[in-house]
Amino acid sequence: MLAGILRRVGRRLLASIPALFGVVVVTFVLMRVLPGDPAVFFSSGPSAGKEEIEELRRSMGLDRPIPVQLVRYLGEVATGNLGRSMTTGQPVVVDMTRRLPASLELTCTALFIALLFSIPLGVAAALRPGTAIDHIVRMLCTLGVCVPTFVSGLLLIYAFYYLLGWAPDPTGRIDIFASAPPDITGFFLIDFALKGDWEGWWAAFSQLLLPACTMALFVLAPLARMTRASMLAVLGSDFIRTAHAMGLSRLRIIVAYALRNALLPVLTITGIVFSTMLGANVLVEKVFSWPGVASYALDALLASDYAPVQAFVLLMAMIFVMVNVTIDVLYGIADPRVSVA
Amino acid sequence: MTAQLLQVENLQVAFSTRHGTVTALHGIDIALAAGETLGVVGESGSGKSVTSLAVMRLLDRAGKITGGRVLFEGRDITHAGHADLRRLRGSALSMIFQNPRAALNPIRTVEQQIVDVLAAHGRLSRANARAQALDLLRAVLIRDPEARLGAYPHELSGGMCQRVMIAMAIACEPVLLIADEPTTGLDVTTQQTVMELLARIKAERGMAMILITHDLGLAARWCDRIAVMESGRVVEQGETVALFEAPAHPYTRRLVAASPTRRSTLADLAPPGLARDAAPVVTVPREHGPGTPPLLELVNVVKSFGGPTRAVDDVSFKIPQGGALGLVGESGSGKSTLSRLICRLIDPDDGDIVFDGESIARVPAREFHQSPRRRDIQIVFQDPNDSLNPRHTAFDSIAYPLRRLEGLRDGAALQTRVREAAARAGLPMDLLQRFPHQLSGGQKARVGIARAVAPRPRLLVLDEPTAALDVSVQAVILQLLDRLRREDGIGLLFVSHDLNVVRMLCDDLVVLQAGRVVEAGRSQQVFQRPQADYTRTLLEAVPYFDPQRTELLKTA
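Peer 1: Before we go on, may I ask you to explain the sheet that holds strand β6 (residues 93-96) of chain B in this structure?
Peer 2: Strand pairing in a sheet takes place through backbone hydrogen bonds and is either antiparallel or parallel in direction. All names here are of chain B. Taken together, 6 strands build an open sheet; the order of strands is β6-β7-β8-β3-β9-β10 and the sheet is mixed. The strands lining the two open edges of the sheet, one partner per strand, are β6 and β10 (233-239). The mean inter-strand angle of the sheet, taken between neighbouring strand axes irrespective of direction, is 15°. As judged from the 4 bridges shared by strand β3 (residues 37-41) and strand β9 (residues 225-230), these two strands associate in the parallel manner. Looking at the pairing, Val-41 lines up with Val-228 of β9.

This is the structure in structure tokens:
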């Protein structure tokens, strides 16, 4: 079983290499054909002379033909060198490893909160279709989807920080006067817990809660609607009728029989939702000054800073592949009908 | 009457649908004593399944009991609460269903599901839950029960799933078991073993049983009493032999007439109401000289799908011009693969398929649609519902092959051809503009046949065309096919698991087992003197309609 899973994972990862290669090439070319010249942007100032810009362009390798640049870039990517950010002056890899945990921590927490609410809501709606509960859930979902994240984020800040004062100052991962935890995993919640600093943990957690809820609100709809639809289908199936005919308790039928089967399609959607969130959370990161990769990439894009944008796209593609493989494996474990081979 | 185990009095059920309330049961009365077996027979839509679900109080949200009452062991359970029902279901009152694989939870093992039932009724001793489950599997005679405990439903055959289902249903020793079409969709031999098992368990445990079936042969063989249902009413009930010997109600008479017996011919099955179809057919003798090649000849055809065994293994047979050949076998015997090979939907690995003296095996399947032979070989599919495009009218469905294969455009010519095909399939012209969901099962079957005969084929491949139909409809469709063959000289390849139907329709017979031909010959001969053991097993398992149980008496 385990060997089968590993073989499958290996095959899927190998099969994703051409796609990743394509992503690298397309982003590279795209960045080059977009208007904007980094040499102009990063020269000393508006008064910089033509020679200075030319010199800068030569030092950045931008004077060569695009195919030559591409080959050189591919060689560097293959050796793990993703270039240097012109904005921060740091190697992109360093910036990314510092910022990625912040994004992941936010996304994972948001996804967890979303699942925590959407599955019970979906189940409740499916158990009483057409009733008040069903309509309330539908309304909540519609609201979540149609209010843009920056609006809902600002609304949450207004309510919980400005009016109620429950939430801490919504800037960054931790209060500027508090000290960050030792850098073990980069996930603040885990690092604080490892250190045993529960006060710090709480501070980081309360800082995380608002942005995470903002994002969760946005993905509540697909998850809850999927749970509802799949739960309705399962509740109408023959084996649920059998379970009733055998006198199983209602709770057991709903949880062990219906929900476990209904979660299979929800699992697939969760994978897609996760990948989307990771890329689309740039607005949330901006609103909450969250030091994540998405806001980093956006800044770089505006500054025509090639290397971070290319690295960001590659990173997202890799995460997408990893998430899909993980979902595949989980699906294989959850559903015995899927052959592992 | 007070000693009755189950008493249903004037039960009425209605379903609320988009088009208003539809009454499914118009007040039915049935009663059952302890240890008795009652057969509820009727065709689809007669309300027999609704009756059983209403008794179990398992009707879905749309269905409501609108009148009457259900007494179980003297207690009125018509309006019992959820908790009471839960205690009753699975312990005193149990049920098994059609399509056993779908009736089991796909992601729980056999052991978990049996244990769930035991636990629900407090019959589980934690220490030896496994042993209890194992005992139950032994009671339903599952081969290798230890290994089956950890199996999931998709790893078991249909017959095995039904045994697991029975094990669950009898786990808490119910006094009444309702079996809703328990063998429909299973192979004949499996049908027989499942029914034998049910009868044995019933006798051992003194259970009463309600057998709901559309198959009069099955009901006649296993039930003490019969209730005949038609459109939500019990039209007749009585002791089995008496009822079938002298059916009083015209509907019962029609059902009895349509049920094939050991000696019945196609003409015998004629429902009195459809005399047009039953008119004696003048056989057009078609003499073919010795030099005429057979219509279809298979020479050592082999097909495998990469597994360790071959799906079709060295099969050869011939169909003469205008002949009818029956291809018989159980699921997994390769008969469907063979029919797809002959229709050239898939390519054989080896061997030759010769149509009218011309080899067609060399044309790749994906290019065969361009071959002039495509018109000559047409197929009628098993499921009349799923094989019609739901968004095409009957006219469009029948016109499709004419447009594709003969390039006919909309116009008078197409109209004429579609009407001609519909007429040959006995489809009333006013139904041509209807969509599949507006047609009955029998009408859909006729659309399927009309579509197949529209391009005027010379060989019609029929893949279990009557398996999903009621007996009275089956009789009419069989007669229709027979007439097509006699009047138009279309050769028939009839793929079926039902030996009796094949006997009536086909001159020749090929019995397949695990991809190989185990017996071939004239139908009558094979029936009277089967050579292979497998053929004999198949023949013995056929549930003939035989109310006097002459066969049973003979073997007893």
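More follows now that the structure is in view.
Peer 1: Got a minute to help me understand the interface of chain A and chain B in this structure?
Peer 2: Often, the extent of an interface is quoted as the loss of accessible area upon association of its parts. At the junction of the two partners, chain A supplies 22 residues and chain B supplies 28 residues. Approximately 2,100 Å² of surface area, both sides summed, lies buried where chain A meets chain B, with 60% of it carried by carbon and sulfur atoms. Considering only the surface of chain A that becomes buried against chain B, A:Arg241, A:Met246 and A:Pro336 emerge as the three largest contributors, covering 28% of it. For the pair chain A and chain B, the interface holds 1 salt bridge. In this structure, the salt-bridge partner of B:Asp116 is A:Arg252, at a minimum N-O distance of 2.9 Å. Applying the counting criterion to the chain A and chain B interface returns 10 residue pairs in polar contact (both at pLDDT 80 or more). The set of elements that each furnish at least two residues to the side of chain A that touches chain B consists of α10 (238-245) and α11 (250-280) of chain A. Grouping the amino acids of the side of chain A that touches chain B by side-chain chemistry returns 11 nonpolar, 5 polar and 6 charged.

Peer 1: Which parts of the structure should I look at to understand the domain arrangement of chain A?
Peer 2: Residues and elements named next belong to chain A. When cut into domains, chain A gives domain 1 (2-78) and domain 2 (95-334). Computed over C-alpha atoms, the centres of domain 1 and domain 2 are 31 Å apart. Taken residue by residue, the interface counts 21 residues in domain 1 and 20 residues in domain 2. Summed over both sides, the interface between domain 1 and domain 2 buries roughly 1,800 Å², with carbon and sulfur atoms accounting for 73% of that surface.

Peer 1: Got a minute to help me understand empty space enclosed by the protein in this structure?
Peer 2: To locate leftover empty space, one rolls a probe as large as a water molecule over the atoms. Residue and element names in this part refer to chain B. Following the criterion strictly, the structure yields 7 cavities of 30 Å³ or more and no others. Residue lining of the largest cavity: 14 residues in total, with Val-380, Phe-381, Pro-384, Ala-445 and Gly-448 positioned closest to the centre. Elements supplying a minimum of two residues to the lining of the largest cavity: β16 (377-380) and α16 (441-453).

Peer 1: What's the story with the packing of aromatic side chains in this structure? I'm lost.
Peer 2: The description of an aromatic ring pair rests on the distance of the ring centres and on the angle between the ring planes. All names here are of chain A. Counting across every chain of the model gives 8 aromatic pairs over all chains. The interplanar angle of 5° and the centroid separation of 5.2 Å between the aromatic rings of Trp-201 and Phe-205 together place this pair among those described as stacked. With a gap of 4 residues between them, Trp-201 and Phe-205 both fall in helix α9 (residues 198-235), about one helical turn apart. By relative accessible area, which is 23% here, Trp-201 ends up partly exposed. Consider the rings of Trp-202 and Phe-205, whose centres lie 5.7 Å apart with planes at 35°: the pair is tilted. Residue Trp-202 and its partner Phe-205 are located together in helix α9, separated by 3 residues, close to a single helical turn.

Peer 1: Please explain helix α6 (residues 132-146) of chain A as it appears in this structure.
Peer 2: Within an α-helix, residues lying three or four positions from one another point in the same direction, as the helix has 3.6 residues per turn. Residues and elements named next belong to chain A. Compared with an ideal rise of 1.5 Å per residue, which puts 15 residues at 21 Å, α6 spans 21 Å between its outermost C-alpha atoms and is within 8% of the ideal. Along α6, the residues that are buried comprise Asp-134, Val-137, Cys-141 and Gly-144. Seen along its axis, α6 keeps its buried residues to an arc of 95°; they face one direction. In α6, the exposed residues that point more than 90 degrees away from the buried face are Ala-132, Ile-136, Met-139 and Cys-146.

Peer 1: What is the right way to read the pattern of salt bridges from this model?
Peer 2: Between side chains of opposite charge, pairing is possible as soon as their charged atoms come close. Residues and elements named next belong to chain B. Taken as a whole, this structure holds 40 salt bridges over all chains when the rule is applied. Close ionic contact of Arg-225 with Glu-36 constitutes a salt bridge, the shortest N to O distance being 2.7 Å. Here Arg-225, found in strand β9, pairs with Glu-36, found in the loop between β2 (20-32) and β3; they are 189 residues apart in sequence, far enough to count as distant. Each member of the pair, Arg-225 as well as Glu-36, carries the same accessibility label: buried. Of the charged contacts, one joins Glu-406 and Arg-417 as a salt bridge, the two residues approaching to 2.9 Å between their closest N and O atoms. Pair noted here: Glu-406 is in helix α14 (residues 394-406) and Arg-417 is in helix α15 (residues 412-424), with a separation of 11 residues, a long-range link. Salt bridges here are not isolated pairs; linked through shared partners, they connect Glu-420, Arg-424, Arg-456 and Asp-488.

Peer 1: Got a minute to help me understand the sheet that holds β2(B) in this structure?
Peer 2: Residues and elements named next belong to chain B. Within the open sheet, the 4 strands sit side by side as β2-β1-β4-β5. Their pairing is antiparallel. Edge positions in the sheet fall to β2 and β5 (75-76), since each of these pairs with one other strand and no more. Bridge count for strand β1 (residues 6-17) against β2 is 10 bridges, and the pairing is antiparallel. When the bridges of β2 are listed, Thr-17 appears paired with Gly-20. Where helix α1 (residues 48-56) meets the sheet, it contacts β1, β2 and β4 (63-72), and its direction lies at approximately 105° from that of β1.

Peer 1: Sorry, what's going on with helix α20 (residues 533-541) of chain B here?
Peer 2: Residues and elements named next belong to chain B. Where α20 is concerned, the buried positions are Tyr-534, Thr-535, Leu-538, Leu-539 and Ala-541. The buried residues of α20 occupy an angular sector of 165° when projected down its axis, which confines them to one face. For α20, the exposed residues lying more than 90 degrees away from the buried face are Asp-533 and Glu-540. Elements in contact with the buried residues of α20: α8 (188-205), β13 (324-328), α18 (499-505), β19 (508-513), β20 (516-522) and α19 (523-528).

Peer 1: Explain the confidence of the model for chain A to me, please; I cannot follow it from the model alone.
Peer 2: For chain A, the average pLDDT comes to 86, and 97% of its residues sit at 70 or higher. Put simply, helix α2 (residues 38-42) of chain A is where chain A has its lowest mean pLDDT, 70, and α10(A) is where it has its highest, 93.

Peer 1: Is there a simple way to explain the pairing of strand β7 (residues 176-180) of chain B in this structure?
Peer 2: Each regular strand shows side chains that alternate between the opposite faces of the sheet. All names here are of chain B. Burial within β7 is extensive, with 5 of its 5 residues counted as buried. Bridge count for β7 against strand β8 (residues 208-213) is 5 bridges, and the pairing is parallel. Bridge pairing in β8 places Ile-178 opposite Ile-210. At this point the chain moves from β7, through α8, to the parallel β8, and the crossover so formed is right-handed.

About the thresholds
- Residues numbered from 1 in each chain as written.
- Chains lettered and ligands numbered in written order.
- Predicted model: local features only at pLDDT ≥ 70, side-chain atom pairs only at ≥ 80, totals over all residues.
- Heavy atoms only, no water.
- Pairing = 2+ DSSP bridges.
- Helix = DSSP H or I, 4+ residues; strand = E, 2+ residues; numbered from the N terminus.
- Axes fitted to C-alpha atoms, helices over the stretch in contact; angles between N-to-C directions.
- Contact = heavy atoms within 4.5 Å.
- Buried area = accessible area lost by both parts, 1.4 Å probe.
- Salt bridge = Lys/Arg side-chain N within 4 Å of Asp/Glu carboxyl O.
- Polar contact = N/O pair within 3.5 Å; in protein donor to acceptor, adjacent residues only side chain to side chain.
- Nonpolar A, V, L, I, M, F, W, Y, C, P; charged D, E, K, R; others polar.
- Domains from an automatic or database assignment.
- 1 Å grid on protein atoms, 1.4 Å probe; cavity = no way out; pocket = protein on both sides within 12 Å on 5 of 7 lines; lining within 4 Å.
- Points joined across faces, edges and corners; volume = space filled by probe spheres on them.
- Phe/Tyr/Trp six-rings, centres within 6.5 Å; stacked < 30°, edge-to-face > 60°.
- Buried < 20%, exposed > 50% of the residue type's maximum accessible area, 1.4 Å probe, protein only.
- Expected span 1.5 Å × (residues − 1).
- Arc of directions from axis to C-beta.
- pLDDT = per-residue confidence, 0-100.
- Right-handed = clockwise from strand over helix to strand, strands pointing away.

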